[in-house]
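One-letter residues, chain by chain:
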Amino acid sequence: MARLADYFVVVGYDLDNRVEGEGQGRILQRFPEKDWEDSPFPQGIELFCQPSGWQLVPERQPASFFVAVLTDINSERHYCACFTFWEGLDSPQLKKVDAGDADEADEEPAVVQHSKLFAPKSLVVVSRLDYTEAFRNCLGLIYTVHVDGLSTPLETVIGNLLTCVIPVAGGSQIDESPVCSLDKVPQSPACDWLLACLQRTITLGAGDRQVIQTPINDALPVSGSSVAQLFRQLGIVNVLYLFCAALTEHKILFLSSSYQRLTDACRGLLAIMFPLKYSFTYVPILPGKLLEVLSTPTPFIIGVNSFFRSETQELLDVIIADLDGGTVTIPECVHISLLPEPLLQQTQTALSMVLDPELEFSDQAFPPQSMNPSALKIQDKEIRAVFLWLFARLFQGYRWCLHIIRIHPEPVIRFHKAAFLGQRSLTEDDFLMKVLDGMAFAGFVSERGPPYRATDLFDDLVANHVERIRQEEACPHKVMNHVKELAEQLFKNENPYPAVAMHKVQRPSETSQSTDQSRTPFPVLDDVAVQLFIDHAVAKLKSSPPVVKAELKSMVPSGPPLGDIVDRNGNVMANSARRLEVVRNCITYIFDNKMLEAKKLMPAVLRALKGRTARVCLTQELNQHVLQNRAVLDDQQFDYIVRMMNCTLQDCSHMDEHGIAATLLPLVTAFCRKLGAGITQFAYSCVQEHMVWTTMQFWEAMFYSDVQNHIKALYMETDDGNQQDQQDGSGNIREISALELAAEQNRLWPTLSKEMQMERVQKEESTVFSQAIHYANRMSYLLLPLDTSKNRLLRSSGLGDVESVSNSYVTNSIAGSMAESYDTESGFEDAESSDVANSVVRFINRFVDKVCNESGVTNEHLKALHTMIPDIVQMHIETLDAVHRESKRLPPIQKPKLLRPTLLPGEELVMDGMRVHLIPDGRDEATGQMGGPPLLPAEGAIFLTTYRLIFKGTPSDALVGEQIVTRSFPIASLTKEKRISVTLTMDQFVQEGLQLRSCTFQLMKIAFDEEVASDLAESFRKHLHKLRFPQHVQGTFAFTVGQSGKLVLEPKTKDKNQSLKTLSKNLVKNAKRTISRQYVGRKKEVPATWENRSNFQSELDEDEISVSEEVDQSALTLSSTIRSSDRQTMSNVVERACCRDYQRLGLGTLSNSLTRSKNEPFRISTANRMYTVCRSYPGLLIIPQNIPDSTIHRICRCYRQNRFPVVCWRHSRTKAVLLRSAGLHAKGVVSFFKSPNAPTAVPSQADSTSLEQEKYLQAIISSMPSYSESTGRNTLSGFTSTHMNTSESSDKLRQPKIGDLMKQVLGNKEDVPGTFSRGALGQKAKVISLSQPKVSGKARNSPRGKWGSIRGSGRLSAYNPDIGTRLAGKESPQPNGGPNDPLFLRQQKAYLYIIGDKAQLKGGKQDSFQQWEVIPIEVCDVRQVKNSFKKLMKACVPSSQTTEPNMSFLRLLEDSEWMTLLHRVLQVSVLVVELLDTGSSVMVSLEDGWDVTTQVVSLVQLLSDPYYRTFDGFRLLVEKEWLSFGHRFSHRGAQTLGSQSSGFTPVFLQFLDCVHQIHLQFPMEFEFSQYYLKFLAYHYMSNRFRTFLLDSDYDRIELGVLYEEKSDRRNPQVCKSVWDYIDRLNKKAPVFYNYMYSPEDEEVLRPYTFISNLKVWDFYLEETLSDGPPYDWELRSRQESLAEETAEKADTGAPKSQRHIVWPCYDNLSKVMPDAITKLLQDLQNLEAELGQTSEKWKDTWDKIKTTQRTETKLESKPSFSSSLLMSSNLSHQRRSQGVCLQDSRVGSSIKLGLDCEASATSTPVAGRPSTSTLYSQFQSTESENRSFEGILYKRGALLKPWKPRWFVLDKTKHELRYYDSRQDKDCKGVIELSDVESVTVGTPTMGAPKNVEEKAFFDLKTSKRMYNLCAQESSNAQLWMDSIQSSLSDA
């Protein structure tokens, strides 16, 4: 029985005491005055009566009621029902308030004006029972009595309330005493009174009556309709989030403007958590004054009025549920683990069927009639039933994971979490893990663990309905039926009696509520009268006999065990029976001593042991071979068994959820081998390296399960034999579980005598004690390493640094205090100071303290244990020492022989082979995942040489044991080295290892064998670092090659190039001097031959290199240092400066004449011969003819690194030039491009420089023929160059395309015609970035076009066509509104485009008088390249396997953005090619001019000039643009210690990748193959050659390596230059040659640049494990000869198979499966060798074949050789040349670039093949006939008609020559029948013929009817046409 109300309190507004202007409440009266002993009076009630604060109000508010919940120190909840009404204040009281207001300046003055104020007053009932309605009625009644002035005295009503006693629970027990303690029995018949008693009727003596229904079982929560309300307010998903959040211990805050709703919501949330009980802070209504409670670190469920919403905003980790708005806000930092699927889905479905039954039928044509959801109270129970059903599924079988470790005097129970999760295969499930670790579940175990207690609905459900739940879970309707049954039981529990119509409670009359007359205030009650009532009731209770409600205890049913559940789901059957058979067979073989058989099966067994059943099978099998706890094996058996155990354990997690470590624990102490006299080694000494042994939870769980078994055995013995087994329902006999046994013992306990009870307690305790000793021994076995001096354990993740996060839930205070002393020195952390023994003793002590305290071992026993443990450990160490000594004497297991690697000539070993294991990384191919046996892991040795790091070994898998695995990479390419620890499958130890990543796309994960001492491994690392980052470039392999094996860091003193050394030193000295003083003067030199020059200066100053007119006086001193023997070096200077190439391009010549110097536009300047102008430029530079060297010294200062613009290439046809420079310095930009606002009196330094610069650019423009022909006018009005002029259509066709291409590069927006801003501002250029089309800040307001020149004019220009519109070929509006004069405003391109960095060119202005335009683009920073490359390496060569979808290869490749960077570089290059091709010059001026600039400039030349696509040309291109122009190879390649920090940035590799992309698209245009590019890429990073070392020619001269002779005489094998090596190799074999090479003359390539057109380079992905990377050819030839020798030795006449299995990652495909041509050439060579003939060079053979093929095709008039032989080789789909396809933004049409324009498709006809333009055109070819030959010819019209360009097509099939207006033209303008042609003769120019065409380009075609005068663009073309027509005539 319990009191309905503990206290009654009246709380009012405190008029005397106001703190900081806020009102306070105070308790006016409370009854009883004295606290009850069993429930003290709760503090702070006045805060909770007005949670939003006490305030006076001007109007009377309606009375309010809510229930607050307070929790006391014993975590008991007190329910405070507050009834609040408002009373008017009388005048004296008001004055008091006013006075207070006057003091408070910040009080609202409004309050003072009101004539009447109302103060709140609260009546509060405090109770431990939660009967909201009863409290509402009682307090309402008291208020009614007061307001309506009823006759009953208030004291009587309150007295009755305080003395009312009701039962806590129990439904309809009738045998209790009368429940109503009334002052007088109601005047009614006795039977009525009796009925009232039964139904818990109470009356407060004011003519009222109410029924209180107490629940039948108080363990189940009472929810009313609060759960249903909660779901209505928030919805299903939100409540499920809150439910999961509460279970996983998050902070939850409810907001609502209604207090009662807050209480209901909190009550509802707690109700659905049943059977778990919430044990953290629970405050349904939190007063505003206590809001700081919300920042507590512990979880909570709290409700706060919405009034305080703003103060909850900054809570970062609180989930906020707004009941009024129906939202749940989860902060970003909070992750809520949700229910595991499919539970979550099924729960949601069930809830929606309860809450919204219409949903299911909403789509039906004839929905059922009645579908309304149940009444709210019923719905509430249905929802709770769904959650009960959910918990029954979550916790099913939990009782099978309870360990009972003591039965008497009281049950002690532990939950085995790992087993529970393991059996349900939910170890990974976040939600369940958190729930099981939580406080609520700990309470659940301690409350529901005991096996003998009262049971409730949940116990019944989880034990007896599991089967039903499992069968029905998939069928929602069956689930609903079950839910409804449960709901009925829950409803019955809350409402045990039928509804009774006996409620009778007065409410205040309407009049008293509405009339606002001055009511009497609530009177002061007479406390004596109330106290009398209470005393009377207490006395009466004492005299009556105590009520004992018999608690029905019973044995708690356990339900079906978990094992079966999982079996039926089939998760266990993951391993096939075949695998288990393999495991069984292998064990049988081992014990039958059939070792060979066992060895064969071993790899398969180790793979099978990844699966759980195989591991279980292994433990079962091994158990059968143990006799009397011992199994003695021989060495090899022992070795195999240990291996299998290790393999089994290594896949167990530290939790050991499947209990595999637990079943192995007895086995590791059973299997042993004899080492010597009386010395036995047990298996445990070899299986220690596993996490599981250092995990405290594992040992606890093991200990408890053993204790349980022993205690069970204890009672089984004492009971009679007939009770041993019990029949279950189906008649099967099953063993009694420990819990059932315990329940039986608990039932009998009260009946036993005291002695019997004591005896049982002692027996149990000694059982636990003996187990503790046993476990101390076991733990010392597994924790003490075999060699206790070498502390292996300390390295592994030490014992006890994980504090014992035990899964036990009781921590007694003794346990706490005892454990503390050990925990402070957590585990092995400080093990350095102490030895192994101490740390193990500490770990075992902690364990013993914990388990003994939990299982109630007495303190004496515990002390005894503590003294024993050190002795146990010491004893064990002694036995181990002997074992260790003996085990060392064992003969070592045979390990594979270490294989020696083949070395290059000059390569020497730095460290000899160390035995290591090569571990598989993230690439699948070698691990057997893609099919075939696994090549990795492999065992072998790692060798460190001066050049490479080499692993050579054999695979561990016996099936491929005879293969050799080699993985190597150059040391110089090492990018990252990281220590790792590796557990090998076969081995028991965790090894130290290294992960080495190389930028040649290799990854070596190696684990050092245990025979390798750790100091040796350390010295290996040091050597590796020393070699990777030498002090100086001269320490790299390219320099040290062939010298002694010691690391040579200093260059040798004696050098054959002694004179060069002095030269270089003097060069440097003079360079320094030259900078300071400049000498201007002219000096004429007598021309002389190279040999008899006597003066270095004159050699360089000679006119034949078109030198400048200045001489530096200081430089003359040099002549003394050069002796005549070094004349050759001078020609080297010229050679190196790529003068050959400049000569080819007509940029500067080496001739002996003085005459031609002035009429050539460019000259070779020697201004930089001492590297004084620019350190990183070559000595000889091409600059405009009329620019003196002095200007250069001034200009160069404006550019970064002094890299001023120089010419590097010239277009052979349009004569446009390509220039390169660095970006401008910021100050250069300002001075150069800003127009001066006011003329300055003295021209400043900056101004003069900017003028010089302007002159320089103007000089470049003037050098262009197109410019000089435009009659020198400096405006952009209508002049065009000849070749543009010749064809009207050409202009129209080309312009829009470039504009569109430009759009692509600059960001694709439409061009907006210019609007002119006012005044002298002119126009602002809009600068659009390449990557994101954002408008730069300054120009945001003016919607201008995309292109802007950065030169501004001071006034508004009249001819100011906007460049964007101009390039797009649109008309530009006149600013003054005048008509557009088509002649005056010809749409004209600029003469010079400057491609500049967008970041530098902001805010420039545009000027029409200047002929240059600036194209701002956004370049990729080198940092971007570096990071992108790192990501690319990780994508192509991942370090470990992963199944995460966002870690897949393609995703990582995309994230690396490598392809995007390639796309950008290619896109800019194609744009430049287009511009040059239309006759505009281009200056690339980006970053420092040595990274992106170099890439773009090189690609442009490669695309535009076929010469660079040959071997010689490509070499020249790289030497010229990359080496001479100072790309910083050493710095970007991080080749020395100095550049180590800058990291590896593969700018050159990126260029090679771009070339590879172009090569893929145009396979017939390159003389070299893809392999050539890979070869260069590899050796660019390998440092084998000196070619790609050092940062500039200056550095190379300083080291004396620039002009070395071709090869070293002492060691002819050693090549210093990669180019020589390639030449040498190319002569021997066609490895670098591209058989498809069949170039088209003057072909300009225009590759597609979209990312979709780019392919990942296979250089990044391929690997050859058979003999390492295939780029060092000497190795291949040496390996082959070795292989042949061994083959000869092995050949014993047995028949040899011709078949050979080829593995993609193992074999070198090009070697084992060569292409047909290579194979034929090889066979030819072999045959010639056999016949003793001198074999011809392959190139000669090939060329012969080609020429014979050509002539044959000519004779047969078939398509040419290239198309017959090569097109057949399935490459016809490859494009030869193509346009760039652009989607026009407005129209959907696709515009073809470059192909449909005559200017680009050169008119050179090519015999026997359709021209490129038709071959690859996107459009249909004009006619389907065979076009043998086509191109542009000018044809003279009839008399007085002009010459017109026409598109001529020679058709041999139809035997005619047709001509069209243009190439696209479908209609033929005329046909010349070849049968009519009489002769083809050379013609002469006639009147009106095209200008600038050489005489020989004219020819006449005479037919029988008339004479045709024709003209080609150049004489060679004309000759080809004549030959072709002639051959057609002869064919006919």
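Note that the coordinates shown come from a computational prediction; the quantities given were computed from them, not determined experimentally.

A. Fine view of the overall build of the protein. Of regular secondary structure, the protein possesses 63 helices and 46 strands. Counting only residues that meet the buried cut, the protein has 56% of its 1932 residues in that class. Per element, the accessible surface of the protein, about 84600 Å² overall, is 53% carbon and sulfur.

B. The arrangement of the pattern of salt bridges in detail. The tally for this structure, following the rule as stated, stands at 78 salt bridges. Across the pair R1021 and E977 runs a salt bridge, and its minimum N-O distance is 2.3 Å. Placement of R1021 in helix α34 (residues 1014-1028) and of E977 in strand β28 (residues 974-983) is noted, with a sequence separation of 44 residues between them. A single burial state applies to R1021 and to E977, both of which are buried. With its nearest N and O atoms 3.1 Å apart, the salt bridge here joins K1574 to E1662. Of the two residues, K1574 is situated in helix α54 (residues 1570-1582) and E1662 in the loop between α56 (1618-1628) and α57 (1673-1690); the sequence distance between them amounts to 88 residues. Among the residues examined, E1662 registers a relative accessible area of 38% and is labelled partly exposed.

C. Structural context of the confidence of the model for the protein. For the protein, per-residue confidence averages 74 on the pLDDT scale, and residues scoring 70 or more make up 72% of the total. No element of the protein has a lower mean pLDDT than strand β39 (residues 1790-1792), at 34, and none a higher one than helix α53 (residues 1547-1561), at 95. Per-residue pLDDT stays below 50 along residues 564-574; that stretch engages in twelve contacts with residues further than four places along the chain or on separate chains. For residues 1758-1824, every residue scores under 50 in pLDDT, and the model assigns this stretch 185 contacts once sequence neighbours within four places are set aside.

D. A look at the pairing of strand β26 (residues 948-955). Of all eight residues making up β26, eight are buried, and the element is well covered by its neighbours. When strand β25 (residues 938-945) meets β26, the two strands line up antiparallel, connected through seven bridges. Bridge pairing links F943 to I950 in β26. Joining the antiparallel neighbours β25 and β26 is a turn of two residues. One ladder, built from six bridges, connects β26 with strand β27 (residues 965-970); its direction is antiparallel. Pairing of G953 across the sheet is with V965, part of β27.

E. Here's a closer look at the sheet that holds strand β14 (residues 327-329). Judged by pairing direction, the sheet is mixed, and its five strands sit side by side in the order β11-β12-β10-β13-β14 without closing on themselves. Whereas interior strands pair on both sides, the edge strands pair on one side only; in this sheet they are β11 (281-283) and β14. Recorded for the sheet is a direction-independent mean angle of 20° between the axes of neighbouring strands. Pairing analysis gives three bridges linking strand β13 (residues 318-322) to β14, with the strands arranged antiparallel. Within β14, the position partnered with I320 by the bridge is T329. Where helix α8 (residues 236-247) meets the sheet, its contacts fall on β10 (251-256), β12 (300-305), β13 and β14, and the angle it forms with β10 comes to roughly 140°.

F. Local environment of the packing of helix α24 (residues 612-624) against helix α26 (residues 660-668). Relative orientation of the contacting elements α24 and α26 amounts to 20°, with a least axis distance of 10 Å. It follows that α24 is roughly parallel to α26 by the angle criterion. Between α24 and α26 lies a crossing whose hand is left-handed. Within the contact between the two elements, α24 uses R612, R615, V616, T619, L622 and N623 and α26 uses I660, T663, L664 and L667.

G. Summary view of helix α63 (residues 1915-1931). Spanning 17 residues, α63 covers 24 Å between terminal C-alpha atoms, matching the ideal 24 Å at 1.5 Å per step. Taken residue by residue, α63 has N1917, A1918, W1921, M1922, S1924, I1925 and S1928 as its buried positions. Along the axis of α63, the buried positions cluster into a sector of 160°, meaning they face one direction only. Among the structural elements, β40 (1829-1836), β41 (1843-1851), β42 (1856-1860), β44 (1877-1882) and β45 (1898-1903) are those in contact with the buried residues of α63.

H. Highlighting a positive patch on the surface. A cluster of basic residues, K976, K978, K1430 and K1434, forms a positive patch at the surface. Contributions of two or more residues to the positive patch are made by β28 and α47 (1422-1436). Mapping K1430 onto the fold places it in helix α47.

I. Representation of the side chain of S1592 in the model. The residue S1592 is located in the loop between α54 and α55 (1593-1599) in this model. When residues no more than four places from it in sequence are discounted, the contact partners of S1592 are R1175, S1176, L1523 and G1526.

J. Structural detail: the pairing of β40. Burial of β40 is extensive: seven of the eight residues sit out of reach of the surface. Here β40 pairs with β41 via eight bridges, running antiparallel. Residue pairing across strands places Y1834 opposite P1845, the latter belonging to β41. Where β40 meets strand β46 (residues 1907-1911), two bridges bridge the pair, whose relative direction is antiparallel. Bridge pairing in β46 places K1835 opposite L1910.

K. Inspection of the packing of aromatic side chains at higher detail. Going through the model one piece at a time under the given rule, you end up with 83 aromatic pairs. Considering the side-chain rings of F83 and Y143, the 5.2 Å spacing of their centres and the 45° angle between planes classify their relative orientation as tilted. With F83 in strand β5 (residues 77-88) and Y143 in helix α4 (residues 132-148), this residue pair connects regions lying 60 residues apart in the sequence. You can call Y143 buried: its relative accessible area is 7%. Plain terms: the ring middles of W699 and Y775 are 6.3 Å apart, the flat faces sit at 85° to each other, and that makes the pair edge-to-face. One end of the pair, W699, is in helix α27 (residues 696-718); the other, Y775, is in helix α29 (residues 754-783), and 76 residues separate them in sequence. Here W699 and Y775 have matching classes, each one buried. Note that R1906 overlies the ring of Y1908, its terminal NZ or CZ placed 4.2 Å from the centroid.

The rules behind these values
- By convention here, each chain's residues receive numbers from 1 onward along its written sequence.
- Totals for whole chains, interfaces and linings use all residues, but because this is a predicted model, local features are given only for residues with pLDDT of at least 70 and pairs of side-chain atoms are given and counted only at 80 or more.
- For side-chain calculations, the full set of non-hydrogen atoms in the structure is used, while hydrogens and water are omitted.
- In DSSP terms, a helix is any run of H or I states spanning at least four residues, a strand is any run of E spanning at least two, and both are numbered starting from the N terminus.
- Each residue is placed in one exposure class: buried if its accessible area under a 1.4 Å probe, protein chains only, is under 20% of its type's maximum, exposed if it is over 50%, and partly exposed if it falls in between.
- In this description, accessible areas are obtained by the Shrake-Rupley approach with a 1.4 Å probe, and a residue is regarded as covered only by the protein chains that are shown.
- Just to be clear on terms, a salt bridge is a Lys or Arg side-chain nitrogen sitting within 4 Å of an Asp or Glu carboxyl oxygen.
- Predictor confidence is given residue by residue as pLDDT, running from a minimum of 0 to a maximum of 100.
- Contact criterion: two residues are considered in contact whenever any of their non-hydrogen atoms come within 4.5 Å of each other.
- Strand pairing follows a simple DSSP-based rule, namely that at least 2 bridges must link the two strands.
- Axis definition: a line fitted to C-alpha atoms, limited for helices to the stretch in contact. Angles are taken between N-to-C directions and run from 0 to 180 degrees.
- Roughly parallel here means an angle under 35 degrees, roughly antiparallel means over 145, roughly perpendicular means 65 to 115, and every remaining angle is called oblique.
- Crossing chirality is assigned from the near helix's rotation relative to the far helix, an anticlockwise turn below a right angle marking it left-handed and a clockwise turn marking it right-handed.
- Each helix should span, by expectation, one fewer than its residue count multiplied by 1.5 Å.
- Starting at the helix axis, one direction is taken to each C-beta atom, and the arc is that of these directions.
- Patches were defined on residues exceeding 30% relative accessible area and lacking a salt bridge, with like-charge contacts within 9 Å and nonpolar side-chain contacts (Val, Leu, Ile, Met, Phe, Trp, Tyr) within 5 Å.
- The positive count covers Lys and Arg only, the negative count covers Asp and Glu only, and His and the chain ends enter neither.
- To locate a charge, take atom NZ for lysine, CZ for arginine, CG for aspartate or CD for glutamate.
- Two aromatic rings from Phe, Tyr or Trp, using only the six-membered ring of Trp, form a pair when their centres are within 6.5 Å; if the ring planes differ by under 30 degrees the pair is stacked, by over 60 it is edge-to-face, and anything between is tilted.
- We count a charge as sitting over a ring when the NZ of a lysine or the CZ of an arginine lies within 6 Å of the ring centre and within 35 degrees of the ring normal.

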